[in-house]
Amino acid sequence: MKDKRTHIDKLNTLLFGKDLRITEGEPFNKVYPFDFSSYYPEDDYISEQEVPTENIFDIRDFGADTAKHDNAECINSAIHAAAEVGGTVLVDGGDYVTTTVFMKSGVTLFIARGSALCANKTGEGYNHLGIIHADGCDNITLTGGGKVKGNGEYFGRKPLWDANQTEHPEVIDVIQMRRDARAQLRFAHPNKYGGPVYFRDCTNVKAHNFIIENAAHWSFRLDSCDGVDICDFVINNNRHTANADGFDISGSSNMSIDHCFVSTADDGICIKNAIWLGSKGEMHNITVRNCEVISCANAFKIGTETTYDISDILVEGCSFMMTDIYPGTVSGIAVESADGSKVSNVTARNIKMNRVTCPVFIRLCNRNRAAEVTAETANAVEFGKKREKASSADRDTFNMLGEVRDIHIENITATDAEIPIIVAGFRQKGITKYVEDVTLKNIDVTYAPYKEVYDKRAFIPEYSTVYPESWRFRNLPAYGIWARHVKGLKLLDYNCSPPRSTWKEKIITQDVI
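Because the structure is predicted, anything quoted here is derived from the model rather than measured.

Let's shift gears to the environment of Ala112. Within the element layout of this structure, Ala112 appears in the loop between strand E5 (108-111) and strand E6 (116-118). Between the C-alpha atoms of Ala112 and Gly146, which are 34 residues apart in sequence, the distance is 4.7 Å. The contact partners of Ala112, leaving out residues within four places of it in the chain, are Val91, Asp92, Gly144, Gly145 and Gly146.

This is the structure:
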C-alpha cells in the first residue's frame, strides 16, 4: 500500500469513490475462515438450566418434530395453551425448523441447551417479523440456555473477496480501510427473512441465559418496549453478514443489558429512535453493563436513525474489541444525532478497547432522513429491494432540530487505535449547530504501530447531510482528538501515544468555544 495519497488519488476518490454494494448474484452459503470469531466464551455467559416443573407445554406434545420442514403451527399451538395459564413452552430434543412463532402475554419460551429454533433456508413465510415475534405482549421471557439459529449465510450474496483479510497492511489509510471492510461484506439477497427475535410494543420483557446465532438481519430488535431486562445473553453472528446488528433498541425505555457477549458484523448494541421505525416519542433510562462486544461496525452506538429524543444512557464496565480480522471495529462509543433527535445525558465509563479504530465518535449532523424515507423504503436496500422515494414526515418536521449535549466519557483505555477521537457539530446553509458540554476524562489511547498514509487536505468537508460515521472523515490531520463546532469541551487527564508517522498533530480544534 502506498504511503502517500497523490493529487490524482484524491481526484479519483472524489470522482469515482462510490459506495461498494454487491447487488447481483444468488445466495452464497459458504462460510469462510474467520467469518466467526475464534474468541467465543459461551460457557462464561450460558449455563445449564433446570426446566420448570409446573405448567410445562412441550412442543413435541403438539406435534413438533426435528424432521419437519416447518414447526410453526405446533409451536404456536403450545404458546396458545401456555398463555391460558401463564406457562412455559419447552423446546428440547434438537433443532426445529420454523417460520414465525408468535409470543403471547405471560409466556416463557424455554429452549434447552443443545436445542434450537431455526430459520428455514428459503426465507419464505416470515414477512420480516423474524423467527420469534411478540406484538403488544406483557410479561414474556426467553430463557433456557438454548439457541435461535438464523442461518444467515443463506440470505446474502457472495462478497467481492474470496477470503477474509486477517493481516494489517503496512500503512493506515482510512479510505482503503473502508473499501477493504466492504469488500468482505455479504450484502442482502431479496430472500432475506428478517432477524431472529423481534419484539414490538411489549412490556416487562426478560431474556436470560439465551443464544442468538448467525442472524441474517438485526439479531434482537426491541421497538417501543418498556421494562426490559436482558442478561447472560450471547449473540454470535457471521461478522460479514450485512446489517446483522446485535441488540437494536428503538423507541424503548427502562432497559438493562447486563453481562452479554456480542460478536457481529454490524453495530453491537445500537439505540435508535426514528419515526420510520415506528417510534412514537422520547426514550430514556437504558443501562449497558459488563458486556463484551466484537463488532465490524460500532461496538456501542446511539444513532443513526434519530428523530425523537434520547436521554439518560449509561454504558460501563464493558470491553470492545476486534479479533482475527481486519479492519477493526469502526468506533467503540458512537453518540450521534442525525435526523432531529435531542441526545442528552450520556455517560460511558470504565471501558477497555482493543483494535477499535476510533475510540470515541460524537457527531451532530442533519441528514433529516424522515423527509426521504418511510418504514418500507428505509429498509428496502437491506432486504435486497429497490428503494423508492417517499417520506415519513414533512421536510421541516425534524429539520435542524438535532442536539447532542451533556456527554461524559471517563476511564477509557484503548489500544491499537487508528484514527482520532472525533467530536463534531456542523455548519449548513450559514447556520452552525454545536455539540455541547462534552467531558473526556482519564482517557488513555495507544496508537497502532503502523505508518499512516500522508494525506493532507486543504479542508475537511462538513458531511452534514450524509450517513454519519467516523470513517466518513477519512484521513484527518490529527491523531489524538479532532474537534469542530463544539461548545464546552473539557479534556481531563488525556493521554495518547503517537503513531509512527509525524505529519499529524495530536489535537486539532476548529470553532471550539
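That shown, we press on.
This part takes up the pairing of strand E16 (residues 253-264). A regular strand places its side chains so that they alternate between the two faces of the sheet. Pairing of strand E14 (residues 226-236) with E16, which is carried by nine bridges, proceeds in the parallel orientation. By the bridge assignment, Asn236 is partnered in E16 with Ser263. Across four bridges, the pairing between E16 and strand E18 (residues 283-289) is parallel. Paired with Asp258 across the two strands is Arg289, which belongs to E18. With four bridges connecting them, E16 and strand E19 (residues 292-295) associate as parallel partners. Within E19, the position partnered with Phe261 by the bridge is Glu292.

For the rest of this paragraph, the subject is the pattern of salt bridges. Per the stated rule, a full pass over the model turns up 26 salt bridges. Close ionic contact of Glu213 with Lys147 constitutes a salt bridge, the shortest N to O distance being 2.8 Å. Residue Glu213 is found in strand E12 (residues 203-213), and its partner Lys147 is found in strand E9 (residues 147-149); the two are separated by 66 residues along the sequence. Each member of the pair, Glu213 as well as Lys147, is classed as buried. Of the charged contacts, one joins Asp162 and Lys158 as a salt bridge, the two residues approaching to 2.4 Å between their closest N and O atoms. Judged by relative accessible area, Asp162 falls into the exposed class, the value being 58%. A residue is classified by how much of its surface remains accessible, and Lys158, at 32% relative accessible area, is partly exposed. Overlapping salt bridges, with partners in common, bring together Asp245, Asp248, Lys272, Glu305 and Arg369 in one network.

A word on helix H3 (residues 72-85). Helix length check: H3, at 14 residues, gives a terminal C-alpha distance of 21 Å against a target of 20 Å (1.5 Å per residue), a fit within 8%. Every buried residue belonging to H3 is among Ala72, Cys74, Ile75, Ala78, Ile79 and Ala82, and all of these are buried. End-on view of H3: buried residues confined to an arc of 165°, all on one side of the axis. Exposed side of H3, more than 90 degrees from the buried face: Glu73 and Glu84 are the residues found there. Its buried side turned inward, H3 meets strand E1 (56-58), strand E2 (88-91), strand E4 (101-102) and E6. Looking one or two residues past H3, Gly86 carries a phi angle of roughly 70°, positive in sign.

Scoring rules and cut-offs
- Residues numbered from 1 in each chain as written.
- Predicted model: local features only at pLDDT ≥ 70, side-chain atom pairs only at ≥ 80, totals over all residues.
- Heavy atoms only, no water.
- Helix = DSSP H or I, 4+ residues; strand = E, 2+ residues; numbered from the N terminus.
- Contact = heavy atoms within 4.5 Å.
- Pairing = 2+ DSSP bridges.
- Salt bridge = Lys/Arg side-chain N within 4 Å of Asp/Glu carboxyl O.
- Buried < 20%, exposed > 50% of the residue type's maximum accessible area, 1.4 Å probe, protein only.
- Expected span 1.5 Å × (residues − 1).
- Arc of directions from axis to C-beta.

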